[in-house]
Amino acid sequence: MDLIAAPALSTLAPPLQAAGGPSLVGATRADLAEALTGIGVPAREIRMRTAQLWHWIYFRGATSFDEMANVSKYLRAKLAEHFSLARPEVAAEQISADGTRKWLIRFAPRDGEAKGAEVECVYIPESDRGTLCVSSQVGCTLTCSFCHTGTQHLVRNLTTQEIVAQAVVARDRIGDFPGLKAPENGLLPAEGSRFVSNIVFMGMGEPLYNFDHVRDAVSVLADGEGLSLSKRRITVSTAGVVPQIGPLGSEAGAMLAISLHAVRDELRDTLVPLNRKYPLKVLLDACKNYPGASNARRITFEYVMLKGINDSPAEARELVRLLKGIPAKINLIPFNPWPGAPYECSDWERIEKFSDIVFNAGYASPVRTPRGRDILAACGQLKSETEKLRARARLASD
Ligand code: SAH
């Protein structure tokens with residue numbers, strides 16, 4: 001079983017129980033069954049006890065075993081002796097003027113790590129929905145030339161538990177479990193909408209390089225007796241790891257987003273170096289065959305608008321031609337600058353022109369409003385503090 005060891009509590013983290021053993025927050029049903037078996041719960045009770053724990057952890061957001069009123073006192077004590085419900089630490093929280101929240105989440109150190117790995121996780125409230133952007137890896141190996149995360153060297157896959165825990169932490173912080181109060185200083189979706197209604201795997205990392213953990217995390221997030229997110233509202237974004245695209249549809253059933261960004265291989269090779277391995281034709285063929293795609297479940301194509309690089313009307317027309325036959329929507333993302341970035345964002349008229357061409361060809365082509373730019377929480381701006389601190393230390397020693 002892959003469980004997060006109980007982390008040290010930061011001053012920012014909400015007060016939790018005194019840390020016991022490894023945390024069960026983020027565990028799959030199989031993990032819970034194994035944990036229960038390990039402390040001597042008889043086989044005939046495992047299903048029922050797993051269902052109880054599941055409800056308390058994911059539906060109610062319990063932070064202590066004591067709350068679990070329908071679990072016997074004896075078992076609660078036994079659980080507390082061996083496990084905890086500790087969350088990973090929120091090492092920093094930033095709130096943007098537009099209500100976007102960015103958390104730097106520090107996991108407990110795993111085998112051989114001197115210090116817990118850190119990722120960023122972003123919450124974007126809108127009037128009718130709340131989208132949580134989760135990370136799937138610490139750092140990223142892809143080195144896309146316009147993305148800040150790609151400049152971070154430290155990389156490892158997150159476990160299923162670490163991915164799911166991001167959603168639990170987010171719901172803790174915005175008061176989205178029964179009995180919690182919403183923060184006063186935040187903009188949140190309107191009454192009646194769920195605070196976290198959508199999850200996008202668009203934070204740090206390439207989710208399809210961490211396929212098994214992402215697939216299992218999707219199944220925990222979508223479980224109707226727990227966090228209960230609809231799979232139609234869970235989107236996994238990839239730069240184009242072609243062999244895993246089919247399995248994502250058939251095994252996880254999540255919505256697919258492709259970071260396309262260019263319509264010619266020559267340019268895409270430089271923007272998204274993974275294109276050299278899986279060029280446009282094979283990528284788009286995989287999209288054509290994506291299990292479950294339909295006009296009601298369209299594939300999102302993300303296209304970052306880079307001034308003078310990929311933003312001409314001819315490229316917009318070529319994009320339309322390339323996507324023929326694929327149930328698609330196109331998401332134009334104004335480039336979000338970061339310190340030292342070698343690109344600029346396209347001018348607004350240019351973006352509008354591009355968007356009009358795509359729209360007139362029959363595609364929805366919303367321009368993604370940059371959110372949380374003031375706290376570097378927008379697309380491609382994520383880079384965890386671990387790395388920033390290391391960079392600062394390097395500069396200091398130069
Ligand atoms: N590795 C996956 C998941 C990351 S998603 C993928 O590539 O899809 C993050 C999205 O933000 C991707 O579409 C990425 O291309 C885009 N992005 C990266 N840097 C950006 C920037 N500086 N401005 C706008 N979008 C950016």
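Just so you know, these numbers come straight off a predicted model, no measurement behind them. (Residues numbered from 1 in each chain as written. Predicted model: local features only at pLDDT ≥ 70, side-chain atom pairs only at ≥ 80, totals over all residues. Heavy atoms only, no water.)

Participant: Which residues make up the overall build of the protein chain, and what values go with them?
Facilitator: Secondary structure summary: the protein chain contains 11 helices and 11 strands in total. Of all 398 residues assigned to the protein chain, the portion counted as buried reaches 56%. Contacts in the protein chain between residues at least 24 apart in sequence constitute 67% of all its contacts with a sequence separation of at least 6. For the protein chain, the exposed area adds up to about 16900 Å²; of that, 53% sits on carbon and sulfur atoms. (Helix = DSSP H or I, 4+ residues; strand = E, 2+ residues; numbered from the N terminus. Buried < 20%, exposed > 50% of the residue type's maximum accessible area, 1.4 Å probe, protein only. Contact = heavy atoms within 4.5 Å. Areas by Shrake-Rupley, 256 points an atom, 1.4 Å probe, with all protein chains shown as cover.)

Participant: Go over the packing of helix H1 (residues 29-38) against helix H2 (residues 46-59) with me, naming the residues and quoting the values.
Facilitator: Put simply, H1 and H2 touch, their axes get as near as 9 Å, and they point 120° apart. Between H1 and H2, the crossing angle belongs to the class labelled oblique. For the element pair H1 and H2, the recorded crossing hand is right-handed. Each of Arg29, Leu32, Ala33, Leu36 and Thr37 in H1 lies in contact with H2, whose residues at this interface are Ile46, Arg49, Thr50, Ala51, Leu53, Trp54 and Ile57. (Axes fitted to C-alpha atoms, helices over the stretch in contact; angles between N-to-C directions. Parallel < 35°, antiparallel > 145°, perpendicular 65-115°, else oblique. Left-handed = near helix turned anticlockwise from the far one by under 90°.)

Participant: Outline the pattern of salt bridges, listing residues and values.
Facilitator: Summed over all chains, the structure comprises 23 salt bridges. Where Arg264 meets Glu266, a salt bridge forms, and the shortest distance between an N and an O atom there is 3.7 Å. Assessed through its relative accessible area of 39%, Arg264 is described here as partly exposed. Taken together, the salt bridges that share partners define one network made up of Glu89, Arg106, Lys115 and Glu118. (Salt bridge = Lys/Arg side-chain N within 4 Å of Asp/Glu carboxyl O.)

Participant: So, the nonpolar core: which residues are in play, and what are the values?
Facilitator: Counting 110 residues, the largest nonpolar core has Leu24, Leu132, Phe146, Phe201 and Phe301 as its most contacted members. A per-element tally of this core places helix H5 (residues 211-222) first, with 7 residues. Summarising the domain contributions, this core has at least three residues from each of domain 1 (1-86) and domain 2 (89-391). Here Phe201 is in contact with Val134, Ser136, Ile163, Pro207, Val214, Val218, Leu221, Ile234, Thr235, Val236 and Ser237, once residues within four sequence places are set aside. (Core = buried A, V, L, I, M, F, W, Y, C linked by side-chain atoms within 4.5 Å. Domains from an automatic or database assignment.)

Participant: Explain the packing of H5 against helix H6 (residues 245-252) to me, and be specific about the residues and the numbers.
Facilitator: Contact pair H5 / H6: the axes reach a minimum separation of 10 Å and the direction vectors enclose 30°. Judged by the angle between their axes, H5 and H6 are roughly parallel. Crossing of H5 against H6: the hand is right-handed. Along its contact with H5, which presents Phe211, Arg215 and Val218, the element H6 presents Pro247, Leu248, Glu251 and Ala252. Classifying every residue of the contact of H5 with H6 by side-chain character gives 5 nonpolar, no polar and 2 charged. (Nonpolar A, V, L, I, M, F, W, Y, C, P; charged D, E, K, R; others polar.)

Participant: Help me get a handle on helix H10 (residues 348-360), residues and values and all.
Facilitator: Compared with the 18 Å implied by 1.5 Å per residue over 13 residues, the 18 Å span of H10 between its first and last C-alpha is a close match. Those residues of H10 not exposed but buried are Ile351, Phe354, Ser355, Ile357 and Val358. Within H10, the buried residues cover an arc of 160° as seen down the axis, which keeps them to one side. The outward face of H10, more than 90 degrees from its buried face, is lined by the exposed residues Glu349, Phe359 and Asn360. Buried residues along H10 sit in contact with strand E10 (299-305), helix H9 (313-322) and strand E11 (328-334). Gly362 sits one or two positions beyond H10 and adopts a positive phi of about 100°. (Expected span 1.5 Å × (residues − 1). Arc of directions from axis to C-beta.)

Participant: Requested: an account of the sheet that holds strand E2 (residues 101-106), with residues and values cited.
Facilitator: In spatial order, the strands read E1-E2-E3-E4-E7-E8-E9-E10-E11; together these 9 strands make up an open sheet with mixed pairing. Two strands bound the open sheet, and with one partner strand each, they are strand E1 (89-95) and E11. In this sheet, adjacent strand axes meet at a mean angle of 20° when their direction is disregarded. Here E10 pairs with E11 via 7 bridges, running parallel. Paired with Phe301 across the two strands is Ile330, which belongs to E11. (Pairing = 2+ DSSP bridges.)

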